[in-house]
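Structure at a glance
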Amino acid sequence: MVLVLAGCSTSHVKTTYADQPVPSKEPVREPVETEHVTEGPALAPPPGSTPEAFHLPTNRLVKGWIPLRKWSEDQNAGPIQRLASGTVPTFALKATNGLLIIRAYDQVAYWNSMEFHLGFAPQIVNGQPMLHVLDVAKNIEPLMHPLALPERTNRLIVIDAGHGGSNLGTKSVADGSYEKEFSLDWARRLAPILETNGWKVLLTRTGDVDMSLTNRVAFADLNKANLFISLHFNAAPSPADHDEAGIETFCVTPTGMPSTLKRDFEDDSTLVFPNNRFDVENLQYAMQVQRSLLKISGAKDHGVRRARFMTVLRGQNCPAILVEGGYMSNPREARRIADPNYRQKLAEAVAAALIEKMAAPIPPTTAENYTSPTNGAPKQ
Ligand SMILES: [Zn+2]
């Protein structure tokens, strides 16, 4: 059963999600998309020592912790600096292309002041920060390398306007429009910008039609897409949360890691999805698109997050991200989203992240000018 009136709230509070399988007592089986892996041998003893190797192949379950200092020395990154930032031990690692901020016992981390989510909260051993090997391999190392866009001569993006037809998505508190209308408008504005900048562009839907999630994945497969991006708007689960606002970008959770967002779904970390082959690129695209959206829209940073239940992401055989472009349940943000000029900005922001000449690197944050993000309080 799917409640078509529900939007696509990504909040932590229980809600029904129109374009995702609704959890029920009878589990939805998708054997084609997933396989399980059994847990591999631990690569390292508990915190306090360094594992032999932490350059992991995709989709291996490993345990172990790495001293951030040792890892940064091996990478010629750093130095690491402990910041005087409140009572929670906070550390900055200065890499050539950015500044990483981690806080003890907090899964929220920052890369060039942008929020992203570790799978495991950093630990402190003998005063030194320790990171889980999966976080190093799947969250930290990808950020240390620039995103390589596909060659201009032969690259194809599938833009997926969320919802459609009887699947309305969430409803705007500003003008009563539905998410399905704005997501399609956003996709239609984005397509021509990319087309004039070296992308072949296909839309999963160009009109107000129903389309299943698995067909959206199959469409990208059929056309051998190099990138899949799903466009949505958000809604708080309760009218009482009408202040909730901001933009967030999702990619699939790496194997072995807990998800940021689970909603009511089982979050089986042993699952391996086709899209896990692209863990590195997924995060790189997600961070680049999120950064561009924040820069151009000025919206609040809701972070790059991980989810395992999103069918349009996990089955993809190419890098794939899902963007929530703001809260249609927040009166101020809903008014902006209802404005065509703002939606044009959102389109230009996504495009800017995917076009070489527009994706000029933003000067990295330095430890000297780092300030604690206003929305950076430890989260559950
Ligand atoms: Zn949605």
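Below: a short report on this structure. In this text, all values refer to a predicted model and were calculated from it rather than measured experimentally.

Before going further, it helps to examine the overall build of the protein. Along the protein, the regular secondary structure elements total eight helices and 16 strands. For the protein, the proportion of its 380 residues judged to be buried stands at 58%. A separation of at least 24 residues holds for 72% of the contacts in the protein among residues at least 6 apart in sequence. Taken as a whole, the protein presents about 16,100 Å² of accessible surface, with 53% of it coming from carbon and sulfur.

Turning our eyes to something else, we now look at the packing of helix 3 (residues 179-195) against helix 8 (residues 340-354). Contact geometry for helix 3 and helix 8: axes closest at 8 Å, N-to-C directions at 50°. What the angle tells us is that helix 3 and helix 8 run oblique. Seen from above, helix 3 lies across helix 8 with right-handed handedness. Between helix 3 and helix 8, the residues in contact are Phe182, Asp185, Trp186, Arg189, Leu190, Ile193 and Leu194 and Pro340, Arg343, Gln344, Leu346, Ala347, Glu348, Val350, Ala351 and Leu354, respectively. Partitioned by chemical class, the residues of the contact of helix 3 with helix 8 number 11 nonpolar, one polar and four charged.

Right, let's talk about the pattern of salt bridges for a bit. Evaluated as defined, the whole model comprises nine salt bridges. Of the charged contacts in the structure, one is a salt bridge between aspartate 279 and lysine 138, with a shortest N-O distance of 2.9 Å. With a gap of 141 residues between them, aspartate 279 in helix 5 (residues 279-297) and lysine 138 in helix 2 (residues 133-140) connect regions that are remote in the sequence. The residues aspartate 279 and lysine 138 share a single accessibility class, namely buried. In this structure, aspartate 208 engages lysine 180 in a salt bridge whose closest nitrogen and oxygen atoms are separated by 3.0 Å. With aspartate 208 in the loop between strand 11 (200-203) and helix 4 (213-222) and lysine 180 in helix 3, this pair connects stretches of sequence that are 28 residues apart. Judged by relative accessible area, which is 47%, aspartate 208 ranks as partly exposed. Judged by relative accessible area, lysine 180 falls into the buried class, the value being 10%. Through salt bridges with shared partners, a single network forms among Asp185, Arg189 and Arg343.

What counts, and at which threshold
- Residues numbered from 1 in each chain as written.
- Predicted model: local features only at pLDDT ≥ 70, side-chain atom pairs only at ≥ 80, totals over all residues.
- Heavy atoms only, no water.
- Helix = DSSP H or I, 4+ residues; strand = E, 2+ residues; numbered from the N terminus.
- Buried < 20%, exposed > 50% of the residue type's maximum accessible area, 1.4 Å probe, protein only.
- Contact = heavy atoms within 4.5 Å.
- Areas by Shrake-Rupley, 256 points an atom, 1.4 Å probe, with all protein chains shown as cover.
- Axes fitted to C-alpha atoms, helices over the stretch in contact; angles between N-to-C directions.
- Parallel < 35°, antiparallel > 145°, perpendicular 65-115°, else oblique.
- Left-handed = near helix turned anticlockwise from the far one by under 90°.
- Nonpolar A, V, L, I, M, F, W, Y, C, P; charged D, E, K, R; others polar.
- Salt bridge = Lys/Arg side-chain N within 4 Å of Asp/Glu carboxyl O.

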